[in-house]
Amino acid sequence: MVHFFLSLRSGYVQQQLTGGNKTAVREQESATMWTDKQRGIRVSQQELLCKNACGYYGNPTWQGFCSKCWRERARPAGAQRQDARPTNDGTPVTFSKFEEKKNTEKGRRINTMRRLFWGSPSPPKRQESSERHAKALKAYQSLEPGDFTGFLKLLRSPSSQRMQSRCTAFLNTMEAYHHLPVQKQSDLVQDFFQTFAEYFSSFSEVQITQIMEHVEKLIMTRLHKWVFCHDSCDDEQKDLALQRSIRSLNWVTPQMLNVPFPDKKTTVTVDPFLPAITAIIEMDAKRAPQDKLACVSKCSQHVFEALSTSNSEPANADDFLSGLIYVVLKANPPRLHSNMQYVIRFGLPHSLMAGESGYYFTNLSCAVAFIQKLDGPALNLSPEEFEGYMMRGHAPSVRNKRQEVASDTQQLLEELKGRQEKLNQGVNALNVELQQWVQTVQTQLDEATAQFAKVEKEITAQTELSESFSSSSHDAASQEDDMKDQTVLVLGDPDAGPRDTDC
């Protein structure tokens, strides 16, 4: 049923395994799964890839096989049961006529089912003109990736009338016979995808992948309400059991899972894994399998971002799986089992077996399988401690956290005490320096005052000396003036000369 996709994707899968996912696979080659002696939860390469060593990703739902190997493994067993019948003595005997009649009846039933869905046992293909066929193919080749609206417009065009009628007939028939078992519906949907892809057999691998993603979204958006969580399976009961299991593990901490988390010294306002938790919860609101896978990819990318911000070391595949387990435990996504089964049953095979989305979905399957089989040794706990936490339903911080808080408080008090002692020493040193400064200032002030008084005395003495000098100079000048006056008087009297001379 999916042989066309498997042959189509073989080259791309090898490229992805040796290219985009090479680093992740290389990191996991030397790891062993969920050991308490190693750092983190580890998954080896054999546990991620198919057990048949075909190169595709396996899945726990298929017992570790990919979808191709799982189907091929199941079919031969059924064929052997039909071809051989035990006799009375226990030896198998082949009845040629009986087998021929049985094969005829089987072919008639297959033709009846095909007639039911396709209108005739082997529907004849109408001969289309080469120009019209080339025009239609050219229009699909020019379609941009992710342009679902453009794909719908092309599908409604006259050149695509046959493909549109095929899709409409298939949808109407599936809705009318929605009571069929879900596995039968899955086979019919996958058969339709394979048959529809034959229209584009001349396209490149990438173009066929893009077109079939649009076809898947168109078909499964309409069939979601009929095939999701079908009554013929026990998905609802398993959803409730998984939710109860996750709810009972709400006490698991990131440290138990060895998830790199911001240390206590780092200020964290919100949980760094909150965007990843939101993305995984949004998966239930999507209808198309590829949209659900997009939510898983978005969640995984947010996990890598949270790990890169929470840890100084680069995030590896082991840290990623531990972080994804923590996100699933904290989110407890609604109908997680049904959503995963819906993607497995009705998604395109190449989306699950290879590429980034296949790698992320495989890790999500491993995370769910780990949660379902979670025990004490996986969390580095003794069986008694694990059972005690499961019975109480409390986080292990009820008792241990008290000791941790007391230890942290004691450490904080010691740190505050040391800071207080340093502060007191600083205050004392400051007081001593202040007193010394006051004394120095007082000494300098006294010296300045004494010097000022000395200078003041000197200035006073100089002032008095200057005043006395100026007064003596004034007296000498007065006497000199008097002598000049007397000389003038003598010189001015004509009779005074002879008399004085005679005397």
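Everything numeric here is computed off the predicted structure, so don't read it as measured data.

### Some words on the overall build of the protein chain
Step number 1: A count of helices and strands for the protein chain gives 20 helices and 2 strands.
Step number 2: Across the 503 residues that make up the protein chain, the buried fraction comes to 37%.
Step number 3: For the protein chain, restricting intrachain contacts to residue pairs at least 6 apart in sequence, the fraction spanning at least 24 positions comes to 71%.
Step number 4: Counting only carbon and sulfur atoms, one obtains 53% of the accessible surface of the protein chain, whose full area is about 30200 Å².

### Considerations on the packing of aromatic side chains
Step number 1: Using the criterion set out here, one finds 18 aromatic pairs in the structure.
Step number 2: Ring centres of tyrosine 140 and phenylalanine 200 lie 5.3 Å apart, and the angle between their planes is 70°; on these two criteria the pair is classed as edge-to-face. Of the two residues, tyrosine 140 sits in helix H6 (residues 130-141) while phenylalanine 200 sits in the loop between helix H9 (182-197) and helix H10 (205-227), which places them 60 residues apart along the sequence.
Step number 3: By relative accessible area, which is 3% here, tyrosine 140 ends up buried.

### Quick notes on helix H12 (residues 274-281)
Step number 1: Considered for burial, the residues of H12 that qualify are Ala276, Ile277, Ala279 and Ile280. Down the axis of H12, the buried side of the element spans an arc of 165°, and every buried residue falls inside it.
Step number 2: Buried residues in H12 make contact with helix H13 (289-310), helix H14 (317-331) and helix H17 (355-372).

### Examining the state of the cysteines
Step number 1: This structure, assessed with the given rule, holds 0 disulfides.
Step number 2: Cysteine 229 carries a free sulfur, and the closest cysteine sulfur to it, the one in cysteine 233, is 6.1 Å from it.

### As for the confidence of the model for the protein chain
Step number 1: The predicted model of the protein chain has a mean per-residue pLDDT of 75, with 65% of residues at 70 or higher.
Step number 2: Of the regions scoring below 50 in pLDDT, residues 1-40 engages in 86 contacts with residues more than four places distant in sequence or in other chains.
Step number 3: Within the model, pLDDT remains below 50 along residues 76-99, and this stretch shows 14 contacts once partners closer than five positions in the same chain are excluded.

### Examining a nonpolar patch on the surface
Step number 1: Residues Leu434, Trp437, Val438 and Val441 make up a contiguous nonpolar surface patch of about 380 Å² in total accessible area.
Step number 2: Under the relative-accessibility criterion, tryptophan 437 is labelled exposed at 54%.

### Observations regarding the nonpolar core
Step number 1: Core analysis: the largest hydrophobic core is formed by 51 residues, its most contacted members being Trp251, Val252, Leu257 and Leu379.
Step number 2: By residue number, the principal contributor to this core is H14, which donates 10 residues.
Step number 3: Residues Phe148, Leu171, Tyr199 and Ile219 belong to the second largest nonpolar core, which totals 38 residues.

### Points about the pattern of salt bridges
In a structure, side chains of opposite charge can pair up when their charged atoms sit close to one another.
Step number 1: In the structure shown here, the tally under the stated rule is 4 salt bridges.
Step number 2: Ionic pairing is found between lysine 238 and aspartate 234, a salt bridge with its closest N-O pair at 3.8 Å.
Step number 3: A salt bridge links aspartate 284 to arginine 335, with the shortest nitrogen-to-oxygen separation between them at 3.0 Å. Placement of aspartate 284 in the loop between H12 and H13 and of arginine 335 in the loop between H14 and helix H15 (336-346) is noted, with a sequence separation of 51 residues between them.

### Some details on unusual backbone geometry
Step number 1: Even without glycine at this site, cysteine 229 takes up a positive phi of about 50°.
Step number 2: Of note in the backbone geometry, asparagine 258 takes a positive phi value of approximately 60° without being a glycine.

### Looking at the packing of H13 against H15
Step number 1: Viewed as axis vectors pointing N to C, H13 and H15 meet at an angle of 125°, and their least axial separation amounts to 9 Å. The angle between H13 and H15 places the two elements in the oblique class. Crossing geometry of H13 relative to H15 is assigned as left-handed. Residues Pro289, Lys292 and Leu293 of H13 form the contact with H15, whose participating residues are Asn339, Tyr342, Val343 and Phe346.
Step number 2: Grouping the constituent residues of the contact of H13 with H15 by class yields 5 nonpolar, 1 polar and 1 charged.

### Here we look at the environment of alanine 367
Step number 1: With respect to the element layout, alanine 367 can be found in helix H17.
Step number 2: Between the C-alpha atom of alanine 367 and that of leucine 324, which follows or precedes it by 43 residues, the distance is 6.8 Å.
Step number 3: For alanine 367, the residues in contact, after removing those within four places along its chain, are Leu321, Leu324 and Ile325.

Thresholds applied
Residues numbered from 1 in each chain as written. Predicted model: local features only at pLDDT ≥ 70, side-chain atom pairs only at ≥ 80, totals over all residues. Heavy atoms only, no water. Helix = DSSP H or I, 4+ residues; strand = E, 2+ residues; numbered from the N terminus. Buried < 20%, exposed > 50% of the residue type's maximum accessible area, 1.4 Å probe, protein only. Contact = heavy atoms within 4.5 Å. Areas by Shrake-Rupley, 256 points an atom, 1.4 Å probe, with all protein chains shown as cover. Phe/Tyr/Trp six-rings, centres within 6.5 Å; stacked < 30°, edge-to-face > 60°. Arc of directions from axis to C-beta. Disulfide = S-S within 2.5 Å. pLDDT = per-residue confidence, 0-100. Patch = residues over 30% accessible without salt bridge, like charges linked within 9 Å, V, L, I, M, F, W, Y side chains within 5 Å. Salt bridge = Lys/Arg side-chain N within 4 Å of Asp/Glu carboxyl O. Core = buried A, V, L, I, M, F, W, Y, C linked by side-chain atoms within 4.5 Å. Axes fitted to C-alpha atoms, helices over the stretch in contact; angles between N-to-C directions. Parallel < 35°, antiparallel > 145°, perpendicular 65-115°, else oblique. Left-handed = near helix turned anticlockwise from the far one by under 90°. Nonpolar A, V, L, I, M, F, W, Y, C, P; charged D, E, K, R; others polar.

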